[in-house]
Structures are given as structure tokens and as C-alpha cells.
Amino acid sequence: MTETGTASTGDPERDTLDKAGAENFPVAPFFLPRAWRDDLMAVYGFARLVDDIGDGDLAPGGADARLLGVSPQDADDRLLLLDAFEADLARVFDGTPRHPLLRRLRHTVRRRSLTPEPFLALIAANRQDQLVKRYETYDDLLAYCALSANPVGHLVLAVTGATTPERIRHSDAICTALQLVEHLQDVAEDLGRDRIYLPAADMKRFHVQEADLAMPTANASVRALVAYETERARNLLDDGTPLVSSVHGRLRLLLAGFVAGGRAAVHAITAAEFDVLPGPPKSGKLRLLREVGATLRGEG
């Protein structure tokens, strides 16, 4: 995940949590019980911070590195920071973490009996980002999403007490779709980080060169490729949508919001005629609300 446009307050915990409002989907909306909101924001804080470490998007000044016990001269070493972050995660389960976001997470872990595995997977995904810059096949990309996205869905289900094998399967489809959509929105930004999340085999099939992705606007081949990958994401969202009807009450509305965020983003990409290179196509709140209603009604 990538994030832009959030000014630093000088408070590492607040700086990270304030980014929740810019996501494609509602992170911890007001209508949820307070305990759920607190726990979902704790999970979000972890996921956002580990992504910011992996993307080199920490707030200037090195406050996060200092909190993790990393010296100023090593504050730009992302792999070292990820190692320090993993060590602090271990303290969540056995001790007192150094970083305030992980101290916040400790209460959630204890309240909801969460296990380390989904958190470790998110760290592993960001380690992979430092080492793997291209993906040969769609299956390779799906394996990456299993680390970078699907654990978030597992945590949401665990926090809300809704975990079942079938719900996890549907959640994985939704989370992978949301990750793929974000990759499509951020093609130009990711290329600036020397990362391409479009499968090389698909680029070859649609006659797209890496240089084409660096252009100000997309040519016909790039648009065709993006349309193809967008349809894949749309199908995954459809595959995962039964998750919404499997639960009730406010949890159903929350999960509908996740699906609707993905569908609204797909609509924005389509409305831009699949030209994602000038910048991320974004949908407005009205579109999101429409998609929430359609999802709750069971409309595709």
C-alpha cells in the first residue's frame, strides 16, 4: 500500500493513524461498537506502519526508527527497520513494545486472542518488496497478495469474532482484489519505486514494455492490459461478496464497505478508460455509498 498527502504532526502514532481516511475503504467507521473501532484501528496502525517502513514513507525526522531502537545512521535501511519492527512485534506477545502503535496493538491482541502469524505475514510481504521488484505470473502476484493483503481480512474476522473457513476463503478473495486494484491505481507511483505489480507474462501478452508505463498517459496496449487486470479484480470481488450476506448487523455493513470500496475503485479506473498513468483514478463518496447499497442488496 502507498499513501500520500498526509502532513506530519510530529507524533508518529498520530501520523500513521491519520492516514486511515485516505484509504479506498472505511477502516473503522463510526457505526461500529467502540471496542471494535479501537481494535480495528490498532490493526490498521500496525499494517500502515509496516507498509510505510517498506515503502520508505516514514515521517521525516527518524522518530519511528528511534522508537524501534534503530540508530539515525541506519534509519534508511528498510530491511533493518523491518527486523527491528518484527522484534518489537514479539514484545506485543511477550513483554512491552517500544513503539506506541505496538503498545496499542498489545491490548487488542490480548482482548481478541490474536496470533502472531498474520502480523508476521505483513512484515514478510514488505521484506519481499525490498527484494522482488517484478512478478512473472499472475499466480506469483497472488502469492504476494496472500502475504500483503489477505492477513488483514483474517484479522478483521478475528477482531469481530466471525472467523470460519468459508468466511476466510471469501475474505481472501476480497482482500486480494483490493490489493490488485490498488496496484492498478498506483502503477506510475510504484514504477517510481522500481516496482511493477503487473505480471510480466500479461505485459508480454498485451505487448506492453516497461517504458510504456513511464509515459504520461497510457497507450492502447497499456489500457487493454489494465482493463484485463481490472476484470480479474472485479471477478475476485464478486467471488468474495457472499461474505457480506454470511454475517449480520453492523459487521455486515462494515464488510459491505470493503467490497464497495473495491467496486468504486474499479468504477473509477473504468471511467478513466483504464488510463492510470496520470495518477490514481479515485471515486467520490457518493459512488461509494451507491456501491454499499448495491452490495447490501446483493447486486453485482
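Quick look at the structure, then. (Residues numbered from 1 in each chain as written. Predicted model: local features only at pLDDT ≥ 70, side-chain atom pairs only at ≥ 80, totals over all residues. Heavy atoms only, no water.)

Topic: the overall build of the protein
Right, on to step 1. Along the protein, the regular secondary structure elements total 16 helices and 0 strands.
Right, on to step 2. In terms of overall dimensions, the protein is globule-like: its C-alpha atoms have a radius of gyration of 19 Å, near the 19 Å expected for 300 residues.
Right, on to step 3. For the protein, the spread of C-alpha atoms along the principal axes amounts to about 55 × 50 × 35 Å.
Right, on to step 4. If you take every contact in the protein between residues at least 6 apart in sequence, the share linking residues at least 24 apart comes to 68%.
Right, on to step 5. For the protein, the accessible surface area stands at approximately 13,200 Å², while carbon and sulfur atoms represent 54% of it.
Right, on to step 6. Taking the average location of the 35 positive side-chain charges in the protein and that of its 43 negative ones, the two points are 7 Å from each other. (Helix = DSSP H or I, 4+ residues; strand = E, 2+ residues; numbered from the N terminus. Rg over C-alpha atoms; globule rule 2.2 N^0.38 Å. Contact = heavy atoms within 4.5 Å. Areas by Shrake-Rupley, 256 points an atom, 1.4 Å probe, with all protein chains shown as cover. Lys, Arg positive; Asp, Glu negative; His and termini not counted. Charge placed at Lys NZ, Arg CZ, Asp CG, Glu CD.)

Describing the packing of helix 6 (residues 117-131) against helix 8 (residues 150-159)
Right, on to step 1. Closest axis-to-axis distance for the helix 6/helix 8 pair is 9 Å, and the angle between their directions is 155°. By the criterion of interaxial angle, the relationship of helix 6 to helix 8 is roughly antiparallel. Every pair of crossing elements has a handedness; the one defined by helix 6 and helix 8 is left-handed. Facing Pro118, Phe119, Ala121 and Leu122 of helix 6, the residues of helix 8 in contact are Pro151, Val152 and Leu155.
Right, on to step 2. Class assignment for the residues of the contact of helix 6 with helix 8 results in 7 nonpolar, no polar and no charged. (Axes fitted to C-alpha atoms, helices over the stretch in contact; angles between N-to-C directions. Parallel < 35°, antiparallel > 145°, perpendicular 65-115°, else oblique. Left-handed = near helix turned anticlockwise from the far one by under 90°. Nonpolar A, V, L, I, M, F, W, Y, C, P; charged D, E, K, R; others polar.)

Remarks on the packing of helix 15 (residues 249-271) against helix 16 (residues 285-296)
Right, on to step 1. At a closest axis distance of 8 Å, the pairing of helix 15 and helix 16 adopts a crossing angle of 125°. Put simply, helix 15 runs oblique to helix 16. With respect to the hand of their crossing, helix 15 and helix 16 are arranged in right-handed fashion. Contact residues: helix 15 offers Arg252, Leu253, Ala256, Gly257, Val259, Ala260, Gly261, Arg263, Ala264 and His267, while helix 16 offers Arg287, Leu288, Glu291, Val292, Thr295 and Leu296.
Right, on to step 2. Taken together, the residues that form the contact of helix 15 with helix 16 break down as 8 nonpolar, 4 polar and 4 charged.

Observations concerning the nonpolar core
Right, on to step 1. Counting 83 residues, the largest nonpolar core has Phe46, Phe85, Leu105 and Leu213 as the members making the most contacts within it.
Right, on to step 2. Here this core takes 11 residues from helix 2 (residues 34-55), the largest share from any one element.
Right, on to step 3. Each residue touching Phe85, except ones within four places of it in the same chain, is listed here: Phe46, Leu49, Val50, Ile53, Leu68, Leu102 and Ile123. (Core = buried A, V, L, I, M, F, W, Y, C linked by side-chain atoms within 4.5 Å. Buried < 20%, exposed > 50% of the residue type's maximum accessible area, 1.4 Å probe, protein only.)

Some remarks on unusual backbone geometry
Right, on to step 1. Positioned with a positive phi, His207 is a non-glycine residue whose angle comes to about 60°.
Right, on to step 2. Its location among the elements puts His207 in the loop between helix 11 (200-205) and helix 12 (210-213).
Right, on to step 3. At Phe274, a residue that is not glycine, the phi angle is positive and equals roughly 65°.
Right, on to step 4. Along the polypeptide, Phe274 turns up in the loop between helix 15 and helix 16.
Right, on to step 5. Judged by relative accessible area, Phe274 falls into the buried class, the value being 19%.

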